[in-house]
Amino acid sequence: MTAIRAAVLRAAGEPAAVERLTLAEPRAGEVRVRILASGVCHSDLHVRDGDWPRPTPLAMGHEGAGVVEAVGPGVRSLSVGQPVALSWLVPCGVCRSCRTGRVWACLDSPSFRHRMPDGATVLSAADGAQVLSYCGIGTMAEATVVPEAAAIALPDGLDPSVAALIGCCVSTGVGAVLKTASVPAGASVAVIGLGGVGLSCVIGAAIAGASRIVALDRVPAKLDAARAVGATDGLISTEDRAATVEALRDLTDGGPDFVFEAIGRVSTVELAIECLPLGGTAIVVGLTPFEARASFGVYPLVDGSRRILGSNYGFADPAIDFPRYAAMHLAGRLPAERLIDRRIGLDDLEGAFDRLRAGQGLRQVLVFD
Ligand code: APR
Ligand code: ZN
Ligand code: ZN
């Protein structure tokens, strides 16, 4: 048993408070990871605010990294001291998606149940009641116990905050460009929404060798951040959609070949589809509330051979892709450190949520001593 502090959501819409919990010892096939950094992703805010109903009590966080501290019986791929990033999706290995190699689309991942694969929980509160771990990893905590397959070994020498971002926003954004859309060199790209996910799309577009990368946000400071990671142009997007479409077409010779929506708003999903040129592709990366519906003109879609793609987790196969993104970062090609503008302690999580809600700043990362 290990005593830890963790951010726990007791009821959606209420603050996630720091609680003292007990963490069980790793059992067969499980490892304990000492968390060093955990990013504050907009998906955490969706859960905190109740946009996506989740069972509670729930230890928050799904974008984390740290060091293996203990291994259970039978663990072969990891040993104590190994730096890891955590994957928020552990593939079940047997569903149709897993059998066809699309692990990011696993239909029956234990991560969806916020428990270990056998249904067990690893956390308990002071009164002995069980506490779930968000996506089975609950990274906003001093330590966590996860299935071996959730802890992906990374090379030495990575900043833990960068490693944490590889666990969600980097894989989601870079993967949307390189894997989901397979953007070819020379293509024109637009990215709508410049949080951790959108800025990672910009980085992906730069890696792909896009000729033009137009970054859109409603907050001017985000455009500068996008330029710093490879955007060639910045555009303030306003509620006047027609004007935004026109400005985007002007910058991209009639419309960007690939448009990434990285917010999860119906109006910007529709903007992404509307600005496409003939043969263009809109990739929807941002997750909306469950019931959201968007509309588009069917005739231009068919007549212009346009495409709309959904991209969850950047089509990540974490065991393969996390080390690749880490290597690209270490080689200077994936400047994920530029997404981070604030390192904070666990006690400032609610402040971080307030800033995220207000669209202030770039990626905030909780760091642990
Ligand atoms: N027009 C333009 N930009 C907008 C608009 C809008 N109407 N609304 C929000 N934005 C910008 C914000 O200013 C911010 O820069 O979108 C960005 C969103 O970034 P974050 O809140 O940091 O979100 P992030 O963590 O990047 O996640 C984006 O992906 O995985 C999903 O759940 C996640 O839906 C969320 C999305
Ligand atoms: Zn996330
Ligand atoms: Zn599966």
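Residues numbered from 1 in each chain as written. Chains lettered and ligands numbered in written order. Predicted model: local features only at pLDDT ≥ 70, side-chain atom pairs only at ≥ 80, totals over all residues. Heavy atoms only, no water.

Peer 1: Which residues make up the pattern of salt bridges, and what values go with them?
Peer 2: Considering all chains together, one arrives at 21 salt bridges under this definition. Between glutamate 19 and arginine 10 there is a salt bridge, and its shortest N-O distance comes to 2.9 Å. Judged by its relative accessible area of 40%, arginine 10 falls in the partly exposed class. One salt bridge in this structure joins arginine 48 and aspartate 49, with 3.1 Å as the shortest N-O distance. A cluster of three or more residues bridged by salt bridges with shared partners is formed by Arg48, Asp49, Glu350, Asp354 and Arg357. (Salt bridge = Lys/Arg side-chain N within 4 Å of Asp/Glu carboxyl O. Buried < 20%, exposed > 50% of the residue type's maximum accessible area, 1.4 Å probe, protein only.)

Peer 1: I'd like to hear about the sheet that holds strand β16 (residues 307-310), residue by residue, with values.
Peer 2: Taken in spatial order, the 6 strands of this open sheet run β13-β12-β11-β14-β15-β16, and their pairing is parallel. Bordering the open sheet on either side are β13 (233-236) and β16, each of which pairs with just one other strand. Across the sheet, the axes of successive neighbouring strands diverge by a mean angle of 20°, strand direction being ignored. Sheet analysis places strand β11 (residues 188-192) next to strand β12 (residues 212-217), joined by 5 bridges and oriented parallel. If you follow alanine 190 over to β12, its bridge partner there is valine 214. Where helix α6 (residues 220-228) meets the sheet, it contacts β12 and β13, and its direction lies at approximately 165° from that of β13. The strands that helix α8 (residues 266-274) touches are β11, β14 (258-261), β15 (281-284) and β16; relative to β14, the one it contacts most, it runs at about 180°. (Pairing = 2+ DSSP bridges. Helix = DSSP H or I, 4+ residues; strand = E, 2+ residues; numbered from the N terminus. Axes fitted to C-alpha atoms, helices over the stretch in contact; angles between N-to-C directions. Contact = heavy atoms within 4.5 Å.)

Peer 1: Talk me through the sheet that holds strand β1 (residues 2-9); I want residue IDs and the actual numbers.
Peer 2: An order of β1-β2-β7-β8-β4 is seen for the 5 strands of this closed barrel, with the pairing classed as mixed. As judged from the 7 bridges shared by β1 and strand β2 (residues 17-23), these two strands associate in the antiparallel manner. Across the sheet, residue valine 8 finds its bridge partner in β2, namely alanine 17.

Peer 1: Describe the coordination of the zinc ion (ligand 2), with residues and values.
Peer 2: Every protein donor of the zinc ion (ligand 2) is accounted for by Cys41 (SG), His62 (NE2) and Cys168 (SG), and the metal-donor separations fall at 2.0 to 2.3 Å. Summarised as a motif, the one-chain spacing of the donors to the zinc ion (ligand 2) is C-x20-H-x105-C. Of this pair, cysteine 41 sits in the loop between β3 (30-40) and α1 (42-49) while cysteine 168 sits in the loop between α3 (160-166) and α4 (169-180), and the two are 127 residues apart along the sequence. Note on cysteine 41: relative accessible area 3%, which makes it buried. Looking at cysteine 168, the relative accessible area reads 5%, which means it is buried. (Donors = N, O, S within 2.8 Å, 3.2 Å for Na, K, Ca; no water.)

Peer 1: I'd like to hear about the site of ligand 1, residue by residue, with values.
Peer 2: Near ligand 1 there are 23 residues, and of these His42, Ser43, Asp217, Ile263 and Arg363 occur at the shortest range. Between serine 43 and ligand 1, the recorded distance is 2.8 Å, taken from a side-chain N or O atom to an oxygen atom. Leucine 287 is positioned with one of its backbone polar atoms (N or O) 3.1 Å from an oxygen atom of ligand 1. Here ligand 1 loses 94% of its free accessible area of 740 Å² to cover by the protein chains. In terms of residues, the shell around ligand 1 owes the most to one element, α1, which gives 3 residues. When the residues that make up the shell around ligand 1 are grouped by side-chain class, the tally is 9 nonpolar, 9 polar and 5 charged. Two domains share the shell around ligand 1, each providing at least three of its residues, namely domain 1 (2-167 + 335-367) and domain 2 (170-314). (Near = heavy atom within 4 Å. Polar contact = N/O pair within 3.5 Å; in protein donor to acceptor, adjacent residues only side chain to side chain. Areas by Shrake-Rupley, 256 points an atom, 1.4 Å probe, with all protein chains shown as cover. Nonpolar A, V, L, I, M, F, W, Y, C, P; charged D, E, K, R; others polar. Domains from an automatic or database assignment.)

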